[in-house]
Amino acid sequence: MYDIAIVGAGINGTSVAYEFIQAGKKVIVFDKDAIAAGGSGAAGAFISPKFSKAGELKELIHDAFVYSTDFYEKNFPNIYNKTRLIHIAKDEKDAEDLKYYKTHTSLKLYDQNSVNIDQEYVSIDSGIVDAKNMCEALCEGAKFKQENISSLVYEDSYWVLNDIYAAKEVVLATGAYKSLLNEPCIKLRGVWGHRIDIKTSTKNENSIHHFVSMSPNNGGVMAIGATHNVHYHPETSKEEYDLSYGRVELLEKATRTLDLTDVEIIKDYVGLRSGSFDYLPLLGRIVNSHETLECGEKNIRVKKPDFEKFIYYPNLYMINGNGGYGFVLAPYLAKKLADYILKGKKIEDMLSPARFFARWVKRG
Ligand SMILES: Cc1cc2nc3c(=O)[nH]c(=O)nc-3n(C[C@H](O)[C@H](O)[C@H](O)COP(=O)(O)OP(=O)(O)OC[C@H]3O[C@@H](n4cnc5c(N)ncnc54)[C@H](O)[C@@H]3O)c2cc1C
């Protein structure tokens, strides 16, 4: 019997595994392919705040940025590369947002004139995660099984996965792939991304985010990414993804910022980001919509429904919908989830998957 089973070994699943391993729990992690085989393995894994004006998502990512940079630096200094990040405005709206951001943020900023750039920009201390090695390091100490989980059954006081593995708690961290659970109110969209590693003689010491993100030149190699393609999905698209389209787009965007010389593409990375319909992540218990509806709709069809009145699957949780900020959000969200499961600390309603249940019912 495991204390906890985690389905999906991307940055979300492995971050949750880390928290439970630290708490001395017996942890099993499943992935149908491998550790970091999904969106996480494709990520350039730049750690960045959201340089926008205001809003819940911006504040959440800010808090996660502060937490996660410290988390990676303290616990995994060899797989976290501290860099200076220069975020350059790509249009007038972006420039306005950056101006506002600079006068309202609590982050320490480099002097506006420290780099010779004509456009509005902001520069901070930041970092880049080695995505695959980080996911592997985070679940060290857990049992890892390469297996597609297709069945999840609750028996008395524990879950049984694929008729074999028993666990007291289960966390679904399956990204934008086909859902294990048939809950109609939980809908995630996958945004396909492509990034490349190139060899180049162009010197670059900083992470630059402009039309596309670029890493520092490390031993002649730079990471460039990523594209945002809402039309392609590896599980539903009829045709194979054509790498040449993404390569052209990435190099064209990168050369608008840097004069890239002696370029050779040495590796392509592709994967899905998983996003919710209000762009906020989904973290916590999952509503059993069938059983909740059987109890009537009067607690649901109110202006501000009390999520405590819904019926939830016992000891079943999800962590998903991090969009393009998976490596920023995951350590922060995983800590929140572990604090909830182990210590009963409440997770904010704005992150609860239950918010989509109430909306789904109200829409009829
Ligand atoms: C090209 C690209 C560039 C990106 N760049 C950045 C960046 O610079 N910074 C940043 O913070 N974020 C970035 N992101 C976003 C980030 O990668 C995602 O937010 C993050 O990977 C989401 O992690 P996840 O664990 O939720 O999903 P995933 O990494 O997709 O993991 C889900 C896993 O679940 C497994 N799985 C699904 N169903 C089952 C099942 N039934 N049984 C067993 N296993 C199952 C899949 O095989 C997969 O490995 C980027 C994403 C892409 C695609």
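Residues numbered from 1 in each chain as written. Predicted model: local features only at pLDDT ≥ 70, side-chain atom pairs only at ≥ 80, totals over all residues.

Enquirer: Where do I start with the overall build of the protein in this structure?
Expert: Broken down by element type, the protein carries 9 helices and 16 strands. Expected size for 364 residues packed as a compact globule is a radius of gyration near 21 Å; at 21 Å, the protein falls within 12% of this value. On the principal axes, the C-alpha backbone points of the protein span a range of 65 × 45 × 45 Å. The 364 residues of the protein split such that 44% are buried. (Helix = DSSP H or I, 4+ residues; strand = E, 2+ residues; numbered from the N terminus. Rg over C-alpha atoms; globule rule 2.2 N^0.38 Å. Buried ≥ 20, exposed ≤ 12 C-beta atoms within 10 Å, placed from the backbone.)

Enquirer: Any chance you could explain the sheet that holds strand 13 (residues 221-225) here in plain terms?
Expert: As a general point, the strands of a sheet are linked pairwise by backbone hydrogen bonds and lie either parallel or antiparallel. What the 8 strands build is an open sheet, ordered 3-5-4-11-12-13-10-14; its pairing is mixed. One side of each edge strand has no neighbouring strand; the edge strands of this open sheet are strand 3 (46-47) and strand 14 (264-275). With 5 bridges joining them, strand 10 (residues 189-199) and strand 13 adopt antiparallel strand pairing. What sits directly across from isoleucine 196, in strand 13, is isoleucine 224. Its contacts with the sheet put helix 3 (residues 56-75) on strand 3, strand 4 (80-88) and strand 5 (121-129), and the angle it makes with strand 5 is roughly 45°. (Pairing = 2+ DSSP bridges. Contact = placed C-beta atoms within 7 Å. Axes fitted to C-alpha atoms, helices over the stretch in contact; angles between N-to-C directions.)

Enquirer: I'm lost on the environment of aspartate 130 in this one. Help?
Expert: Inspection of the secondary structure puts aspartate 130 in the loop between strand 5 and helix 5 (131-138). You can call aspartate 130 partly exposed: it has 15 C-beta atoms within 10 Å. As a C-alpha pair, aspartate 130 and phenylalanine 46 span 84 residues in sequence and 9.3 Å in three-dimensional space.

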